[in-house]
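Next come the chains, spelled out residue by residue.
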Amino acid sequence: MIVVLDFGSQTTQLIARRVREKKVYCEILPHSASWAEIEGRSLKGIILSGGPASVNGRAGSPSCDPGILDGRVPVLGICYGMQLLAHAGGGRVSRAAKREFGRAEIQIERPSELFRGLESRLTVWMSHGDEVQAMPEGFQRLAGTSNAGLAAISHPGKKLYGVQFHPEVAHTPKGPEILSNFIFNVCGESPSWKMSSFVETEVERIRSQVGKDTAVCALSGGVDSAVAAALAHRAIGGQLHCVFVDHGLQRHGETERVRKVFGGIFGERLKIVNARARFLKKLKGVGDPEKKRKIIGTEFIRVFESESKKIGKIRYLVQGTLYPDLIESQSVRGPSAVIKTHHNVGGLPKNMRLSLVEPLKSLFKDEVRLLGAELGLPNEILLRQPFPGPGLAVRVLGPVDEENIAMVREADRIVEEEIRAAGIYEQIWQAFAVLIPVRTVGVMGDARTYEQVIAVRAVTSQDAMTADWADIPRNVLARISNRIINEVRGVNRVAYDISSKPPSTIEWE
Ligand code: XMP
């Protein structure tokens, strides 16, 4: 495997993705991971990510265990990573006379494994304020920038490489070749990581973890819990029970879809609980979004617990935690600020004392989709757009009731149908309807109306951390608007949300 040490760059995850795309297993660890922690794995090389700090920063610039840099294993330092290589070896890093952000040209000056097979001039992406001004002993210059700065360095004896630019981003066209050269030529990795071998090893791992005990999984209708359940089912079959809590806040047809797809797999061991009435009762009159989330979270756990008790003695909870969920909490930046409390369906009920089985915790979302396909799950589940745990309750602003939930569900169905009919469903991260419970004046037939507003929200995104509003063709928007006003009783106006994230969020609540 290849380990990426995270120094806080925005692109750390992207580096790991690029390595995995080459069928090489890769994990991200915090920069503070010790050599002892790292070497226990079947390690072939280390990549040091970029980061916002300066190696000369006064308040403890992020560093790494010196044992990592003494030649035991090849290292590629990217941006901050290169500056750290230079600084740690006794070189000089200072504020660049001219900061470089964006496209740049570099000139390769000396043959090396890192640039093998590439032309001597390359377009790259730079983003740095500091630069290496004097190389440490034993290092040599591999490439320079157009203003004579250092673009790449190496210590051939210790197999240490540093690049000032970002090979992981799409704006460095030869980046994939440079990373391949490091991974295969320098580190001697082989492209052997594939989904079928992942399935085999995880199935074994789950079997030995669970033994003869019973496990339960909360299905949400979404991709992650579905794939986690399918994988656990392959491992422990009849020892796995699934519970789907129908809180009445799902998209159109969700319960039927879950019954159709999972009923076939789990049979009697799939429990679909109709808890619609109790959720609505608890939510009655509650307008504050955070309160709504808390109520739904608590209620969910109550229903889930009481259903689990009926199954018998359960020791394990299967959860579809993904890799990004995991590193978020251990990154150098620490847990990110809580903008919204995310109620994750399937979150561990604290007093149940269940041990967790999290078979997806080393995977990214698109890898989970590939895994789901390997396990035979249909695209109808695998290619669904994400949907928040609290469901339609956060898509009706203010208090929810049966009527306004039904309105937003109907509008959401129309948005989904039209987006699918236009063939753009899979290019869009999420497209949905939000009910704004204010009234505006309209005219229908010859009569005045005074009814509510639906906002249509559609965004493109890589990971939901940032998003842009989607440029949906005018005729598609026109059909959506027309159908919503004609088909959803009580709505006489449709607005399209043209805000990006940040500063707005994807959901309205
Ligand atoms: P925001 O609105 O924060 O959403 O830009 C980012 C992504 O997270 C989803 N989301 C949630 N998911 N529980 C969830 O499980 C929640 O409370 C929740 N709130 C937002 C949202 O749909 C988007 O994909």
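Please refer to the structure higher up on the page.
Residues numbered from 1 in each chain as written. Predicted model: local features only at pLDDT ≥ 70, side-chain atom pairs only at ≥ 80, totals over all residues. Heavy atoms only, no water.

Colleague: Tell me about the packing of helix H5 (residues 195–210) against helix H6 (residues 223–236), residues and numbers included.
Modeller: Across the interface, H5 lies against H6 with an axial gap of 8 Å and an inter-helix angle of 65°. Between H5 and H6, the crossing angle belongs to the class labelled roughly perpendicular. H6 is crossed by H5, and the crossing has right-handed handedness. Contacts from Phe198, Val199, Glu202, Val203, Ile206, Arg207 and Val210 of H5 reach H6 at Leu231, Ala232, Arg234, Ala235 and Ile236. By residue class, the composition of the contact of H5 with H6 is nine nonpolar, no polar and three charged. (Axes fitted to C-alpha atoms, helices over the stretch in contact; angles between N-to-C directions. Helix = DSSP H or I, 4+ residues; strand = E, 2+ residues; numbered from the N terminus. Parallel < 35°, antiparallel > 145°, perpendicular 65-115°, else oblique. Left-handed = near helix turned anticlockwise from the far one by under 90°. Contact = heavy atoms within 4.5 Å. Nonpolar A, V, L, I, M, F, W, Y, C, P; charged D, E, K, R; others polar.)

Colleague: Could you give an account of the packing of aromatic side chains, naming the residues involved and the relevant values?
Modeller: Counted by the stated rule, this structure contains six aromatic pairs. Each ring, one from Phe300 and one from Phe304, has its centre 6.1 Å from the other, and the planes form 10°; the classification is stacked. Remark: Phe304 and Phe300 occur in helix H9 (residues 289–311); sequence separation between them is four residues, near one turn of the helix. Put simply, the rings of Tyr25, Trp193 and Phe198 pair up and form one aromatic cluster. Over the face of the ring belonging to Tyr450 we find Arg448, whose NZ or CZ atom lies 5.4 Å from the ring centre. (Phe/Tyr/Trp six-rings, centres within 6.5 Å; stacked < 30°, edge-to-face > 60°. Lys NZ or Arg CZ within 6 Å of the ring centre and 35° of its normal.)

Colleague: Describe the packing of helix H8 (residues 276–283) against H9, naming the residues involved and giving the relevant values.
Modeller: Taken N-terminus to C-terminus, the directions of H8 and H9 make an angle of 145°; their axes are 10 Å apart at the nearest point. For H8 against H9, the interelement crossing comes out right-handed. When H8 is examined against H9, the residues Arg278, Phe279, Lys282 and Leu283 are found in contact with a partner set consisting of Lys292, Ile295, Ile296, Glu299, Phe300, Arg302 and Val303. Residues that form the contact of H8 with H9 fall into these classes: six nonpolar, no polar and five charged.

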